[in-house]
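# Close look at the chain arrangement
The chain contents come next:
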Amino acid sequence: MTPQELEDRLIAFAVSIVRITEKMSNSYASRYYANQLLRSGASPALNYGEARSAESTKDFIHKGNIIIKELRESFICLKIIEQTNLHSEMNVVQSAKSECNELISIFVASVNTAKKKQ
């Protein structure tokens, strides 16, 4: 996967998160998890832009680890939304959860590769 393809994938993930959060109800719990998910789910695409311009391998690793943290937070939030039925379209939530898990794997491998080169 090229860096541009990965960026496009992260942007598509962020778009799916926006769509998920926009379709959640206005209950207190829904708004709480929607807001949390929106912050953590949109962040990886933005942080990847920074990682692509990293000044060093150490800087890339640092930014990559931030991306992993945000993706893991998003994954847990999606699991909570799924298990509490805070979204009416579970297939959409499950799809985002699956993509999030794949992105976590990609970035863990990428950071590990960068650490070996360091």
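Look above for the structure.
Here the structure is a predicted model, which means the values were calculated and not measured.

Conventions adopted
Residues numbered from 1 in each chain as written. Predicted model: local features only at pLDDT ≥ 70, side-chain atom pairs only at ≥ 80, totals over all residues. Heavy atoms only, no water. Axes fitted to C-alpha atoms, helices over the stretch in contact; angles between N-to-C directions. Helix = DSSP H or I, 4+ residues; strand = E, 2+ residues; numbered from the N terminus. Parallel < 35°, antiparallel > 145°, perpendicular 65-115°, else oblique. Left-handed = near helix turned anticlockwise from the far one by under 90°. Contact = heavy atoms within 4.5 Å. Phe/Tyr/Trp six-rings, centres within 6.5 Å; stacked < 30°, edge-to-face > 60°. Buried < 20%, exposed > 50% of the residue type's maximum accessible area, 1.4 Å probe, protein only. Salt bridge = Lys/Arg side-chain N within 4 Å of Asp/Glu carboxyl O. Expected span 1.5 Å × (residues − 1). Bend = angle between axes of the 7 residues up to and from the residue.

This next bit is on the packing of helix α1 (residues 3-22) against helix α2 (residues 28-52). Orientation of α1 relative to α2, taken along the N-to-C sense of each, is 165°, at an axis distance of 9 Å. Judged by the inter-axis angle, α1 sits roughly antiparallel to α2. As α1 packs across α2, the resulting crossing turns out to be left-handed. Judged by residue contacts, P3, Q4, L6, E7, L10, I11, F13, A14, I17, V18, I20 and T21 of α1 engage R31, A34, L37, L38, G41, A42, P44, A45, Y48 and R52 from α2.

Overall, the coordinates contain 2 aromatic pairs when judged by the stated rule. Plain terms: the ring middles of Y48 and F107 are 5.7 Å apart, the flat faces sit at 75° to each other, and that makes the pair edge-to-face. Of this pair, Y48 sits in helix α2 while F107 sits in helix α4 (residues 90-117), placing them 59 residues apart in sequence. Grouping residues by exposure puts Y48 and F107 together as buried.

The next subject is the pattern of salt bridges. This structure, assessed with the given rule, holds 6 salt bridges. A salt bridge links E89 to K23; the shortest N-O distance between them is 3.8 Å. Within this pair, whereas E89 is found in the loop between α3 (57-83) and α4, its partner K23 is found in the loop between α1 and α2, the two being separated by 66 residues in sequence. Classification of E89 as partly exposed rests on a relative accessible area of 31%. The exposed category is assigned to K23, whose relative accessible area is 52%. Because the salt bridges share partners, they merge into one network encompassing R9, E99 and E102.

Attention now goes to α2. With 25 residues, α2 should reach 36 Å at 1.5 Å per residue; the first-to-last C-alpha distance of 37 Å fits that figure. Its maximal kink placed at S43, α2 deviates by approximately 35°, while the proline P44 follows within four residues. For α2, the complete set of buried residues consists of S30, A34, L37, S40, G41, S43, P44, A45, N47, Y48 and A51. Next to the buried residues of α2 lie α1, α3 and α4.

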